[in-house]
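Summary of structural features
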Amino acid sequence: MSPDRQALAVAGTVALLLGALGGGALYLIDESEPDPLPPYEPTANVPSDVDYVGTLNATEYRSDPAVANGTRASLGFQSRVEFYSGPPFLRSLVLSPPANANLDPTNASHVTYFGRSDSPYGARLVAANWTAEAAVDALQERRDTTFTRDDRDGYTVYRSESGPAVAVLDDGTRGGPVPRPGPHLLAIGNASAVADAVTVAADRRDPEAEADTLDGELRRRYSDTDEGYVRFAYRFRPETVPDYAFVGSAVRTVEWVGSSYTRNRTGAAGTPGGTVPTAAATTPTDDGAPDAAESPDIRVRIRITVEDADSADDVRNVLEAGRSFYLFQSSNARLKAELRETSFDVMGRTVVADYESSPGGLRVLVRGLFQNQPEAESLAPPGREEVKRRGHGGPGAGGPVTASGSAVRDPV
Amino acid sequence: MTGNTSTSTEATDASDRDERALDVPRVDPASVDPIRVTGLRKRYGTVMALDGVDVTVEPGTFHCLVGPNGSGKTTLLRTLLGLVEPSAGEVVVPDVRLGTAFQRPSHYDQLTVADNLEVFGALAAVDGDWAATVLDRLGLDVVRDRIAGELSGGYSRKLDLALALQKAPVYLLLDEPLGDLDDVTKLRLLDLLGDYRDAGHGVVVSTHNLGQFADRVDHLTVVYDGQVLLDARREDLDVPDDGLQEFYVERVLEAATGAEE
Amino acid sequence: MSLRTILGKELRWSRHRVVALLFVLVLLPAAFAGASVFFQHVLPKDAPVAVVAGEDVSEEEYDVVAASFRLFSKPVEYESEAAAMRDLERESVYAVVSVPPDLDDPDVERVNMTVTIDGDVTPYREPSGALVSIVARTMNRQLDTRVVVQREVRGDERKLSSYLLPTFLMIIVLTFAFAYLPYNLAREEAVLDRLRVETSLDTVIAGKLAFFTGLLAVPLLVFHGVGVALGYDVNLLAPGAVLGYGLTFLACGAIATAVTFASGFGTTGRLFNVLVLFAFLGFSGLVYPVGFFSPLRRDIIRRVPTHYAMLTVRGSTLRDIPAAEFATWLGGVALFALAMLVPLKLSMLAYERGT
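Being a predicted model, the structure only gives us computed values, none of them experimental.

Parameters and conventions
Residues numbered from 1 in each chain as written. Chains lettered and ligands numbered in written order. Predicted model: local features only at pLDDT ≥ 70, side-chain atom pairs only at ≥ 80, totals over all residues. Heavy atoms only, no water. Helix = DSSP H or I, 4+ residues; strand = E, 2+ residues; numbered from the N terminus. Buried < 20%, exposed > 50% of the residue type's maximum accessible area, 1.4 Å probe, protein only. Contact = heavy atoms within 4.5 Å. Areas by Shrake-Rupley, 256 points an atom, 1.4 Å probe, with all protein chains shown as cover. Buried area = accessible area lost by both parts, 1.4 Å probe. Salt bridge = Lys/Arg side-chain N within 4 Å of Asp/Glu carboxyl O. Polar contact = N/O pair within 3.5 Å; in protein donor to acceptor, adjacent residues only side chain to side chain. Nonpolar A, V, L, I, M, F, W, Y, C, P; charged D, E, K, R; others polar. Core = buried A, V, L, I, M, F, W, Y, C linked by side-chain atoms within 4.5 Å. Domains from an automatic or database assignment. Pairing = 2+ DSSP bridges. Right-handed = clockwise from strand over helix to strand, strands pointing away. Phe/Tyr/Trp six-rings, centres within 6.5 Å; stacked < 30°, edge-to-face > 60°. pLDDT = per-residue confidence, 0-100. Axes fitted to C-alpha atoms, helices over the stretch in contact; angles between N-to-C directions. Parallel < 35°, antiparallel > 145°, perpendicular 65-115°, else oblique. Expected span 1.5 Å × (residues − 1).

Here we look at the overall build of chain C
Each helix and strand counted, chain C has 14 helices and five strands in total. For chain C, buried positions account for 50% of its 355 residues. By sequence separation, contacts in chain C at least 24 residues apart represent 77% of the contacts at least 6 residues apart. Per element, the accessible surface of chain C, about 16300 Å² overall, is 61% carbon and sulfur.

A closer look at the interface of chain C and chain A
On the chain A side, the residues contacting the 22 residues of chain C number 20 residues. Summing the contributions of chain C and of chain A, the shared interface buries around 1900 Å²; its carbon and sulfur component is 59%. When the area that chain C buries against chain A is broken down by residue, the three leading residues are Glu60(C), Arg141(C) and Gln142(C), summing to 32%. Remark: the boundary between chain C and chain A carries three salt bridges. On the surface where chain C and chain A come into contact, there are four residue pairs in polar contact (both at pLDDT 80 or more). Among the elements that line the side of chain C that touches chain A, the one with the most residues is helix α3 (residues 59-70) of chain C, at seven residues. For the side of chain C that touches chain A, the residue count by class is nine nonpolar, five polar and eight charged.

Some remarks on the nonpolar core
Residue and element names in this part refer to chain C. In terms of nonpolar packing, the biggest core is built from 214 residues, with Tyr-124 and Phe-178 touching the most fellow members. In terms of residue count, helix α10 (residues 239-262) provides more of this core than any other element does, 12 residues in total. Built from parts of two domains, this core gets at least three residues from each of domain 1 (48-154) and domain 2 (160-354). What Phe-178 contacts, discounting residues up to four positions off in sequence, is Cys-252, Ile-255, Ala-256, Asn-273, Val-276, Leu-277 and Phe-280.

Remarks on the environment of Asp224(A)
Along the chain, Asp224(A) falls in helix α6 (residues 216-224). For Asp224(A) and Ser259(A), which are 35 residues apart along the polypeptide, the C-alpha to C-alpha distance reads 9.0 Å.

Digging into the pairing of strand β5 (residues 146-154) of chain C
A regular strand carries its side chains on alternate faces of the sheet. Residues and elements named next belong to chain C. Across nine bridges, strand β4 (residues 110-118) lies against β5 in parallel orientation. From the neighbouring strand, Ile-117 faces β5, where its bridge partner is Val-153. Handedness of the β4-helix α5 (residues 125-142)-β5 crossover: right-handed.

A short note on the packing of aromatic side chains
Tallying each qualifying case throughout the model produces 24 aromatic pairs over all chains. Ring geometry for Phe232(A) versus Tyr234(A): centroids 6.3 Å apart, planes at 10°, classification stacked. For the residue pair Phe232(A) and Tyr234(A), the accessibility class agrees, reading buried in each case. Put simply, the rings of Phe176(C), Tyr180(C), Tyr183(C), Phe211(C), Phe212(C) and Phe249(C) pair up and form one aromatic cluster.

Some words on the confidence of the model for chain A
Residues and elements named next belong to chain A. Across chain A, the average pLDDT comes to 74, with 67% of residues at 70 or higher. Taken element by element, the predicted model of chain A shows its lowest mean pLDDT in helix α1 (residues 3-28) (42) and its highest in strand β8 (residues 230-235) (95). Taken as a whole, residues 266-293 scores under 50 in pLDDT and shows 31 contacts with residues more than four places along the chain or in a different chain.

Considering the interface of chain C and chain B
Contact with chain C, which involves 15 residues of that partner, is made by 25 residues of chain B. Together chain C and chain B conceal approximately 1700 Å² of surface at their shared face, both sides included; 48% is due to carbon and sulfur atoms. In this assembly, chain C and chain B are joined by five salt bridges. Glu198(C) is the partner of Lys167(B) in a salt bridge, and the nearest nitrogen-oxygen pair spans 2.6 Å.

Some remarks on the sheet that holds strand β7 (residues 202-207) of chain B
Residues and elements named next belong to chain B. The six strands are arranged β5-β6-β7-β3-β8-β9 in an open sheet whose pairing can be described as mixed. In this open sheet, the two edge strands, each paired with only one partner strand, are β5 (98-101) and β9 (227-233). Strand-to-strand twist of the sheet, defined as the mean angle between neighbouring strand axes without regard to direction, takes the value 15°. Pairing analysis gives six bridges linking strand β8 (residues 219-224) to β9, with the strands arranged antiparallel. Residue pairing in the sheet places Val-223 in a bridge with Val-228 of β9. On the sheet, helix α5 (residues 153-165) packs against β5 and β6 (171-175) and is oriented at approximately 175° with respect to β5.

Examining the packing of helix α4 (residues 128-137) of chain B against helix α6 (residues 183-198) of chain B
Residues and elements named next belong to chain B. Direction vectors running N to C along α4 and α6 enclose 150°, while the axes themselves pass 11 Å from each other. The orientation of α4 with respect to α6, classified from their angle, is roughly antiparallel. Every residue of α6 that contacts α4 at Trp-130, Asp-136 and Arg-137 is listed here: Arg-188, Asp-191, Leu-192, Asp-195 and Tyr-196. Grouping the constituent residues of the contact of α4 with α6 by class yields three nonpolar, no polar and five charged.

A look at the sheet that holds strand β1 (residues 35-44) of chain B
Residues and elements named next belong to chain B. Strand order in this open sheet of three strands is β2-β1-β4, and the pairing throughout is antiparallel. With one partner strand each, in any of the chains shown, β2 (47-57) and β4 (88-92) form the two edges of the open sheet. Put simply, the sheet's adjacent strands are angled 20° from each other on average, direction ignored. Where β1 lies against β2, eight bridges are found, and the strand directions are antiparallel. Looking across to β2, one finds that Arg-41 is bridged to Asp-51.

Observations regarding the environment of Phe102(B)
Inspection of the secondary structure puts Phe102(B) in the loop between β5 and α3 (113-124). Separated by 72 residues in sequence, Phe102(B) and Leu174(B) have C-alpha atoms that sit 6.3 Å apart. Ignoring any residue separated from it by four or fewer positions in sequence, one finds Phe102(B) in contact with Arg78(B), Leu81(B), Leu83(B), Arg157(B), Asp175(B), Asp193(C), Arg194(C) and Val197(C).

Let's talk about the pairing of β8(B)
Of all the six residues making up β8(B), five are buried; the element is thus mostly covered by neighbouring parts of the structure. In this structure, the hairpin formed by β8(B) and β9(B) is closed by a connection of two residues, where Asp225(B) is found at a positive phi of approximately 55°.

Considerations on α10(C)
Between its first and last C-alpha atoms α10(C) spans 34 Å; for 24 residues at 1.5 Å apiece the expected length is 34 Å, and the two agree. Judged by how many residues are buried, α10(C) sits mostly within the fold: 19 of 24 residues are covered.

Okay, here's the thing in structure tokens:
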């Protein structure tokens, strides 16, 4: 080969090599957008052995004061039903803010509730732009207790002598829901419940461990609810049903209850792009508050799973009777129209109650629907063991207590 | 004395026969078509009960179907009666009265003898005089008011024969007709069947005991394993009456041995 | 030891009767055990009740009344009381209630509501009392107006014994068809060959069915005589009843005969007929009105033709309703009987081919 050709060959080989390297570099170095974070799964860190689970999209809840008020009223009526054993939404950090300047509830985007009925076991998972120290300070203030810092499975846990605990499940450095500095997922509640949440989180990160997370029937019932800004499901406790004349036996066949609140306007419901929005992501109108006249309706759907199809029919009849009487008694034309639209359908052994109203009208609708409950013949259901109705919290502890005696004390 | 006695006995027998023969309704064999079977096959599941049988039964003949148990004789007889549908082949039976008696009793065992005769007599629109003759010749008048289900084996068989005969069938098809009968009754019945044949009717007897019919048979069909081993007129067989049974048995054994080889 | 030998013989016998034993020891008990599923309620909770909404009644007034009844019955909307009463006679509904037109009138302090039941439907008398009580309490608890709910009995209140007379006769008819007829046929199996030569199987079976259907006149007269002697106001000789019983026997007799031929007169066929008999006894709504049963059983009963025969019989014998009123149902039973002749003929053909 001539020297000229040799030089050409070398240059060509170098060019090829560089080209290959460059192409390889291009291939290896992904200069495109980073992979989107997986969507935040609010129940991912919920332990398996619980009786209720609920989620609240706080951002959406707060986006419209009318929605917040209507939802709050409806949840209130629901929780005051004699045999409600679901999440204690109204005693949430997010919904009833403590007097603590360092803990801004509007910075919380999602809250997940879990716990066991008639037991102090329970906690909430709060996705918020808070620090654990601020949460601990708030609790110390309210409970007059001190916390000690600890480490469990690599997670920071603050324990107190009186019971509540706070754990940092994700401080942003672990590639959590929102990658920014500061803790973003806190578990706050009963020490056992918080410890279990920590264990689940640790197991989820360990490729060789199998996380004992929410599963089984409760998971199924929660998944069956619509994707709304409020979702929950709980195990129904027949022993808490009073001695209702004629219909008590039908009500006692209920096994599970699931419910969802959705906003009935396209784009108004759900979260964009799978990311967890903060309060700052909400787009207010020009005057800073959503236009009440344009507030979308709130749709509430309750799924009541019963022992068998026959009993489902009976339960549906009871609900329809309540609606019929309310419709009969009401003189409000708009309410009557909404009541007529209310439906109670039976699908297999599940009764689906579906009602919808404007945020302002929802409280009126729900109040009537829930007020037409039958009267109990006596407080104790016949032939059943006595119900520990008042639990550990007692009436007035941290807010209204349902007759189911939910004893999850609000730590804040 | 003996010569005179035997002569007088023969004369009496002949005279009796003449008298009895007068009772039997007559049929002109020339006016009656034969029963023809061509290429008959009958399958029951995997079993070939009849495998290519050709038989012709002429009126005015005493036709014996002989063969061991399970050879297909009964199936052939039932096919001629229309009780069995052939799997293949052709069975042509003229539209004339057929009378039959099966191996098992076939009458109403909860009715009396007289009731049975009346019921089946009404179905066939029988001649009353002939029916009475049949009753008498078969000796059933002594049990006419007895419930059929309570009859002995012999009387039960006689009742079936009476039911078959009283309708004066042109063709009489019998399956083992002498089974339970005593010797006296057998003789009387054989006489009756002979008279019936002499009156122009066709008599078909299915049996495994050819010896009982040796002196009356006009046509012999030997059946073995669903097939016809021999189908011949009696007169064409150079075999004495008392050797006929042995003759047929040998033919069957030959066939059986041949099959085994 | 001879006992051991005999027991051994029984074992050998059972080896040759596996199918029949399977039937008697497994299928039949399983069917009975499974049938317990159909007995769910002591009191009927969703017996149909006619709720008549007159012209002056608003939709809400109707809804409130229907809702009150829905807790322990199945309200069915009717536009006219006459139609509702007619269906009350035919046991399509078990009570009739007319919605009072002034239920939502604030000036009216007290409203009367009447629940009418048929006195001849004896089993519903007690449950209707419970229903009236439930409705009254429910409505008075929820409404401001006082609602007085009264129960009215149409016709005389019939005693259970006289109510059951037509039912017992129907049980006899069914037993005759499924138990005695096959037995009678089996006794004559031996003569069938001769009969096939002398006449035809079709003629024999037609004659047998016709004869035994006609023979039913005897128990009919006996039942009627006993009823008269006991002072029951029950007319078992009503044309509708005679037709109902006769067509039922024909249909069921055809089924039983078909089974007998199909089984080659074997034991399995007899046992199967017994099972079919129990099925008809259980699913013809003979004793309790159909509204008493679980939805599943009710659905099945409403598809069984003999149920309509029983309704016709009850209507004719207890209420003197003319047969013409039941023309549709009787026509249906007649069609059913005709239809059952098809499997009968097919089974006879199969029997003839198989011999």
